[in-house]
Amino acid sequence: MRISRSAIPTNHQYPAHQTSSLNELLEHAAEALAQKYKREGTFTNPDNVKEYLQLKLGSYDREVFALMLLDNQHQLIRFEELFFGTIDAASVYSREVVKAALNANAAAVILAHNHPSGIAEPSRADKRITNRLVDALGLIDVRVLDHIVVGEHCVSFAERNWI
């Protein structure tokens with residue numbers, strides 16, 4: 001079987017370009033929210049945090065662990081994606097999380113990661129790493145305000161009284 005040249009697309013646009021455009025749009029929306037919350041107040045409201053993180057992490061097709069690094073007023077210093085994993089796991093290292101908090105001179109952090117499956121229910125491993133990070137960051141006087149798991153919806157550890 002022979003394929004004619006006219007059957008081969010010449011515009012060189014593959015679905016990856018569309019995904020890239022969508023990711024750029026979501027990134028711009030997340031940045032607009034960050035600016036809004038910087039003007040209007042802080043990231044102390046879990047609904048604001050979940051809305052922001054849904055835009056930042058919701059489109060990934062692999063697990064990404066990130067930090068929201070906050071000042072004393074719980075305003076965002078910066079958002080930092082630290083670890084990239086596979087479709088169902090990401091290795092998280094306490095040492096790197098502590099380094100990121102120190103480098104940003106953060107007073108508090110919000111931990112976040114996504115579940116590409118869309119099911120945001122935290123696993124036992126999620127709970128264990130959260131406890132380890134709370135302990136490690138506590139040694140340098142950085143408060144962990146929450147850990148948000150992003151899926152089709154978001155789950156807040158603080159709202160469930162796990163932090």
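The structure we're discussing is the one just above.
A quick note: this is a predicted structure, and the numbers were derived from the prediction, not measured.

How each quantity is defined
- Residues numbered from 1 in each chain as written.
- Predicted model: local features only at pLDDT ≥ 70, side-chain atom pairs only at ≥ 80, totals over all residues.
- Heavy atoms only, no water.
- Helix = DSSP H or I, 4+ residues; strand = E, 2+ residues; numbered from the N terminus.
- Buried < 20%, exposed > 50% of the residue type's maximum accessible area, 1.4 Å probe, protein only.
- Contact = heavy atoms within 4.5 Å.
- Areas by Shrake-Rupley, 256 points an atom, 1.4 Å probe, with all protein chains shown as cover.
- Lys, Arg positive; Asp, Glu negative; His and termini not counted.
- Salt bridge = Lys/Arg side-chain N within 4 Å of Asp/Glu carboxyl O.
- Axes fitted to C-alpha atoms, helices over the stretch in contact; angles between N-to-C directions.
- Parallel < 35°, antiparallel > 145°, perpendicular 65-115°, else oblique.
- Left-handed = near helix turned anticlockwise from the far one by under 90°.
- Nonpolar A, V, L, I, M, F, W, Y, C, P; charged D, E, K, R; others polar.
- Pairing = 2+ DSSP bridges.
- Right-handed = clockwise from strand over helix to strand, strands pointing away.
- Expected span 1.5 Å × (residues − 1).
- Polar contact = N/O pair within 3.5 Å; in protein donor to acceptor, adjacent residues only side chain to side chain.
- Arc of directions from axis to C-beta.

**A short note on the overall build of the protein**
- Along its length, the protein carries four helices and five strands.
- Per-residue burial for the protein yields a buried fraction of 40% across its 163 residues.
- Here the analysis covers contacts within the protein between residues at least 6 apart in sequence; of these, 64% occur between residues at least 24 apart.
- On the protein, roughly 9900 Å² of surface is accessible, and the fraction owed to carbon and sulfur atoms is 50%.

**A few points about the side chain of Glu 63**
- The topology assignment puts Glu 63 in the loop between helix H2 (46-57) and strand E1 (64-70).
- No salt bridge is formed by the buried Glu 63. Its closest oppositely charged neighbour is Arg 62, at 11 Å.
- Discounting chain neighbours no more than four positions away, the residues touching Glu 63 are Phe 83, Phe 84, Gly 85, Thr 86, Ile 87, Asp 88, Ala 89, Ala 90, His 113, Asn 114, His 115 and Pro 116.

**Overview of the packing of helix H3 (residues 94-103) against helix H4 (residues 124-138)**
- H4 packs onto H3 with a crossing angle of 45 degrees between their chain directions and a minimal axis gap of 10 Å. On the basis of their axis angle, the class for H3 and H4 is oblique. H3 and H4 meet at a crossing whose hand is right-handed. Packed against H3, whose contacting residues are Ser 94, Val 97, Val 98 and Ala 101, the element H4 presents Arg 132, Leu 133, Ala 136 and Leu 137 at the interface.
- Taken together, the residues that form the contact of H3 with H4 break down as six nonpolar, one polar and one charged.

**Examining the pairing of strand E4 (residues 143-150)**
- Of all eight residues making up E4, six are buried, and the element is well covered by its neighbours.
- In this structure, strand E3 (residues 108-114) lies alongside E4, joined through seven bridges in parallel fashion. Across the sheet, residue Asn 114 finds its bridge partner in E4, namely Val 150.
- Crossover E3 to E4 through H4 is right-handed.
- As paired elements, E4 and strand E5 (residues 154-156) share three bridges and run antiparallel to each other. Paired with Val 150 across the two strands is Cys 154, which belongs to E5.
- Between E4 and the antiparallel strand that follows it, E5, lie three residues.

**As for unusual backbone geometry**
- A positive phi is found at His 74, a non-glycine position, where the angle reads about 65 degrees.
- When you line up the elements, His 74 lands in the loop between E1 and strand E2 (76-84).

**So, H2**
- The terminal C-alpha atoms of H2, which comprises twelve residues, lie 16 Å apart, in line with the 16 Å expected from a rise of 1.5 Å per residue.
- Taken together, the buried positions of H2 are occupied by Asn 48, Val 49, Lys 50, Tyr 52, Leu 53, Lys 56 and Leu 57.
- Put simply, Asn 45 is the residue that caps the front of H2, since its side-chain oxygen is 2.7 Å from the backbone nitrogen of Asp 47.

**Some remarks on H4**
- Taking 1.5 Å of rise per residue, 15 residues should cover 21 Å, and H4 covers 21 Å from first to last C-alpha, within 8% of that figure.
- Along H4, the positions that sit buried rather than exposed are Asp 126, Ile 129, Thr 130, Leu 133, Ala 136 and Leu 137. Down the axis of H4, the buried side of the element spans an arc of 130 degrees, and every buried residue falls inside it. In H4, the exposed residues that point more than 90 degrees away from the buried face are Arg 124, Arg 128 and Asp 135.
- Looking at the buried residues of H4, the elements they touch are E1, H3, E3 and E4.

Read these as geometric descriptors, not functional statements.
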